[in-house]
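Fold and geometry: a report
The primary structure of each chain is shown beneath.
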Amino acid sequence: EREPVDAVVSLLGADSSALGEGLPASWHTTRLLLQSLADSETTAPLWLVTRGAVATEARERVSSAEQAALWGLGRVAGLEYPATWGGLVDLPVVEGGFGASTARALGQVLTAAGVEDQIAVRGGRVLGRRLVRDTRPAAAPMRGRVAGDGAVLVTGGTGGVGGRVARWLAARGETDLVLAARSGPNAPGATALAAELAERYGTRVRVVACDVTSARDVARLRAELSEAGLTVRSVLHAAGVVDAVPLSDSGAEWHRVCAPKVAGVRHLEQVFGADAAEFVLFSSNAGVWGRDRKSVV
């Protein structure tokens, strides 16, 4: 007979290794843990512990992008597994390990039956996450550069998000857009979008074929643009695959959905990052406040 379990504490976030296509191993093993606990009908709350995944004040910096993304996964898991969800706890990054006060605070979090499920421990203090309105003055609108000052590369540029971004860029005065898609000019709606931007705004648009999950493809794209006399000044990474599958049922689609976002970022940063004045990433709101029915993995 199994001994009763009061809580399940996962330290899988500390695993910094990567699987194929650069996906963090911690994401994959955390997903498997969630599924295993559900299959075993464990009722003990699950807590995911991270270090350096969130910032609690302006001067603090997130030190682990992989663990920060694990918080996004955890928020969705909390909605899909409400009966067995404990929460997320982020610990400070301190040389030599954290002290007794942090250990005591962590113990209090894991044993308390409170309503907080997104917590950071700093200096023995227990802090709860809040989403608040930004009351700072709005920044001045971004203005387009003069012709010849470089092109803007939009990955997934012919898709739903990418198309809206391309229209916004053209409306703000950008003169050269490179819209990258796996199918290139053969992508649905690509020809019509390019024609619309050229006619309405006078924008020079190139629709190119590029699979951002392939480092070779991204390097080839830069070489081709250089040969054409184009320098990429800004990168907006909107490429992605949507597959609405609950975490409990996700399997092969996990890599298919994550690869364009994660491997794509790595490859774009390696090839264009050093010269890009702007490097903008898009993500789902599911990682901020979750979804009410199905998660998009």
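Considerations on the pattern of salt bridges
With the rule as written, the count across this model stands at 16 salt bridges. For Arg130, the salt bridge identified is with Glu116, shortest N-O distance 2.7 Å. With Arg130 in the loop between β5 (125-128) and β6 (151-155) and Glu116 in the loop between α3 (100-111) and β4 (118-122), this residue pair connects regions lying 14 residues apart in the sequence. Ionic pairing is found between Arg167 and Glu196, a salt bridge with its closest N-O pair at 2.9 Å. With a gap of 29 residues between them, Arg167 in helix α4 (residues 160-171) and Glu196 in helix α5 (residues 190-201) connect regions that are remote in the sequence. The exposure class of Arg167 is partly exposed, given its relative accessible area of 33%. With a relative accessible area of 26%, Glu196 lands in the partly exposed category.

A short note on α5
The terminal C-alpha atoms of α5, which comprises 12 residues, lie 16 Å apart, in line with the 16 Å expected from a rise of 1.5 Å per residue. Positive backbone phi, approximately 75°, marks Gly202, located one or two places after α5.

Describing the nonpolar core
Grouped together as the largest cluster of nonpolar side chains are 23 residues, with contacts concentrated most on Trp27, Leu34, Leu46, Ala77, Trp85, Leu247 and Trp254. Of all the secondary structure elements, the ones that give two or more residues to this core are α1 (25-39), β2 (46-51), α2 (65-80), β3 (85-91) and α7 (253-272). With 5 residues, α2 is the largest single contributor of residues to this core. In this structure, Ala180, Val212, Ala239 and Phe272 belong to the second largest nonpolar core, which totals 18 residues.

With respect to α4
Spanning 12 residues, α4 covers 17 Å between terminal C-alpha atoms, matching the ideal 16 Å at 1.5 Å per step. Turning to α4, its buried residues are Gly162, Gly163, Val165, Ala166, Leu169 and Ala170. Buried residues of α4 fall within an arc of 165° about the axis and therefore sit on the same side. Counted as exposed and oriented over 90 degrees from the buried face of α4: Gly160 and Arg164. At its buried positions, α4 is contacted by β6, β7 (176-181), α5 and β9 (232-237). Count one or two residues on from α4 and you reach Gly173, which has phi positive near 110°.

Quick notes on the pairing of β5
Bridging between β4 and β5 involves 4 bridges; their strand directions are antiparallel. Of the residues in β5, the one forming a bridge with Ala120 is Leu127. Where β4 folds back on β5, the antiparallel hairpin that results is connected by 2 residues, among which Gly123 adopts a positive phi of roughly 60°.

Describing the environment of Gly273
Looking at where Gly273 falls in the secondary structure, it is placed in the loop between α7 and β10 (278-281). Linking Gly273 and Thr135, residues 138 residues apart in sequence, is a C-alpha distance of 31 Å. Here Gly273 is in contact with Leu268 and Phe279, once residues within four sequence places are set aside.

Details of the environment of Tyr81
Residue placement: Tyr81 occurs in the loop between α2 and β3. Residues Tyr81 and Pro45, 36 residues apart in the sequence, show an inter-C-alpha distance of 9.6 Å.

Quick notes on the side chain of Thr50
Position of Thr50 relative to the elements: it lies in strand β2. For Thr50, a relative accessible area of 1% gives the class buried. In this structure the side chain of Thr50 is engaged in a polar contact, spanning 3.0 Å, whose partner is the side chain of Trp71. Not counting residues within four places of it along the chain, the set of residues in contact with Thr50 comprises Gln67, Leu70, Trp71, Val89, Asp90 and Leu91.

Structural notes on the confidence of the model for the protein chain
A residue-level look at the protein chain finds 91% of positions with pLDDT of 70 or above and a mean pLDDT of 87. Per-element confidence in the protein chain ranges from a low mean pLDDT of 65 for helix α8 (residues 286-289) to a high of 97 for strand β8 (residues 204-209). Taken as a whole, residues 291-297 scores under 50 in pLDDT and shows 21 contacts with residues more than four places along the chain or in a different chain.

Conventions used here
- Every chain begins its residue count from 1, and numbering advances along the sequence as written.
- Under the rules for a predicted model, residues below a pLDDT of 70 receive no local features and side-chain atom pairs below 80 are neither given nor counted, while totals for whole chains, interfaces and linings still include all residues.
- With hydrogens and water stripped out, all remaining heavy atoms of the structure feed into the side-chain values.
- Salt bridges are identified by distance alone: a Lys or Arg side-chain nitrogen within 4 Å of an Asp or Glu carboxyl oxygen.
- The helix count covers DSSP runs of H or I at least four residues long, the strand count covers runs of E at least two residues long, and both are numbered beginning at the N terminus.
- In this scheme, a residue with accessible area under 20% of its type's maximum is buried, one over 50% is exposed, and one in between is partly exposed, where area comes from a 1.4 Å probe on protein chains only.
- In this scheme, a helix's expected span is set at 1.5 Å multiplied by one less than its residue total.
- Among the buried residues, those of types Ala, Val, Leu, Ile, Met, Phe, Trp, Tyr and Cys that are joined through side-chain atoms within 4.5 Å form a nonpolar core.
- The directions considered for the arc are those from the helix axis to the C-beta atoms.
- Residue contacts are counted whenever heavy atoms from the two residues lie within 4.5 Å of one another.
- In short, DSSP must find at least two bridges between two strands for them to pair.
- As used in this structure description, the phrase polar contact means that two N or O atoms lie within 3.5 Å; if the pair is within protein, one of them must be able to donate a hydrogen and the other to accept it, and residues adjacent in sequence are counted only when both atoms belong to side chains.
- pLDDT expresses how confident the predictor is about each individual residue, on a scale running from 0 to 100.

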